[in-house]
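In case you want the letters, here they are:
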Amino acid sequence: MRDFGGIVERSPARVVRPASAREAAAAIREAAAQGLEPVPRGLGHSTYGQSLTSGVSLDLGGLAGVREVGADRAVVGAGTSWRAVLAATLPLGLTPPVLTDLLDVTVGGTISAGGLGGTSHRHGTQAENVLSLEVVVDGEPVICSPDVRPDVFDAVRGGLGRRGVITEATLRLVPAPDRVLSCTVPCRDAADLLRVQRETPAEHISGQVKPSETGWTYEAKAVLYGPGEPPAGTAETEELSYADFADRMRPDVEELISLGEWARPHPWGIVLLPGPAAAAVIGSTVAGMTVADLGLSGAIVVKALRVGHVPMLAAPDDPVLFGVLRAASPGCASVAEMLAANRALLDRAEAVGGVRYAIDSVPPAAG
């Protein structure tokens, strides 16, 4: 069995597909009695075996489904994809405040990782927008929230399923816009990109570093929900329905699947940098890279964030996400070389007070 990273492979002793919290609890108790590690698995979008185990793999597909949608919340099973959540809420004019760029990941999986998106500069992580959780802890299902068992609530959000297995989540919902205006703003360098992201009053902010004939170029994406003037420096605009914008990655993914790139190993390096040091780390890292170090379908993403009270994430103050989302394409750097580059990036980040974002691909430090 592999995950999206395609680097680590493990064969579980047993795969269990619980259909309820009680079935999940029974499977976890049985695994503990046999000395086996139980690890939850949604759609397996981790990149270095985080959703894999040689013990008991808990396939959360049996816990998929939107149970209820109300005026300001939705109750969903942990194995539900964000695509399915949106399909249930959008007809009512509602959306989760934070969506990941890819909708084909599960609610339980991203809450267990933190869950970052383009609106995280306003709303924080997906884990911060959970009202309550049903979780299996010590072999028993419990309900937790900021007011009920807050110790469990804090431990499982960002805990990668090792501190408790999420089986159901009550998600906060907000009104969804009908249409959005996506604005592309070219930037001089990393510092300029972060300046644009921090100063632009847009609901959704992201940034990329892209290869060009003249070297690496930086651009910010500022997305306005509803009417508004494009930010200064905008070079290009595109108006989209909110549904199409939320699912904007689908055409790219379909193309990468057809080209075989989606199935290649994906040694991703992702760190959360403290704001004051971010531009220097990003700039020096990119300056030392070639397209071969990234891969033909790789991407470099930069997002200024606001991360609140999710202790397991351990994010620095004023955090900036810097992701070097490598793909081991033919003729490019090897997986081993990409992993070594990720290790060097993490070392550079930790030297300035940064941390890893734990769905990444980083081998243990030597020695």
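The structure under discussion appears in the preceding block.
The rules behind each value
- Residues numbered from 1 in each chain as written.
- Predicted model: local features only at pLDDT ≥ 70, side-chain atom pairs only at ≥ 80, totals over all residues.
- Heavy atoms only, no water.
- Helix = DSSP H or I, 4+ residues; strand = E, 2+ residues; numbered from the N terminus.
- Rg over C-alpha atoms; globule rule 2.2 N^0.38 Å.
- Buried < 20%, exposed > 50% of the residue type's maximum accessible area, 1.4 Å probe, protein only.
- Pairing = 2+ DSSP bridges.
- Contact = heavy atoms within 4.5 Å.
- Axes fitted to C-alpha atoms, helices over the stretch in contact; angles between N-to-C directions.
- Disulfide = S-S within 2.5 Å.

Chemist: Can you explain the overall build of the protein? Please cite residues and give values.
Modeler: When helices and strands are counted, the protein shows 11 helices and 18 strands. Taken against the 2.2 N^0.38 rule, which gives 21 Å for 367 residues, the C-alpha radius of gyration of the protein at 20 Å falls within 12% of a compact globule. Across its three principal directions, the C-alpha atoms of the protein cover 60 × 50 × 40 Å. The burial tally for the protein puts 53% of its 367 residues in the buried class.

Chemist: Describe the sheet that holds strand 12 (residues 204–212), listing the residues and the values that go with them.
Modeler: Spatially, eight strands are ordered 14-11-13-12-16-17-15-18 in an open sheet, and the strand pairing comes out antiparallel. Where the open sheet ends on each side, the last strands, each with one partner, are strand 14 (236–241) and strand 18 (355–356). Bridging between strand 16 (residues 299–304) and strand 17 (residues 319–325) involves six bridges; their strand directions are antiparallel. For lysine 303, the partnering residue across the bridge sits in strand 17 and is leucine 321. Relative to the sheet, helix 6 (residues 190–199) contacts strand 11 (179–187), strand 12, strand 13 (215–225), strand 16 and strand 17, its axis offset from that of strand 16 by approximately 45 degrees. Docked against the sheet, helix 9 (residues 275–287) engages strand 12, strand 13, strand 15 (268–274), strand 16 and strand 17, running at close to 145 degrees with respect to strand 15.

Chemist: Explain the pairing of strand 11 to me, using residue names and the numbers behind them.
Modeler: Buried residues dominate strand 11, accounting for seven of its nine residues. Alignment of strand 11 against strand 14, held across six bridges, turns out to be antiparallel. Along strand 14, the bridge assignment pairs cysteine 183 with threonine 237. Bridge count between strand 11 and strand 13: eight bridges; the pairing is antiparallel. Considered in strand 13, the bridge of leucine 181 is made with leucine 224.

Chemist: Give a description of the state of the cysteines that names residues and reports values.
Modeler: Following the criterion strictly, the structure yields zero disulfides and no others. Sulfur of cysteine 183: no disulfide; nearest cysteine sulfur belongs to cysteine 187 and is 13 Å away.

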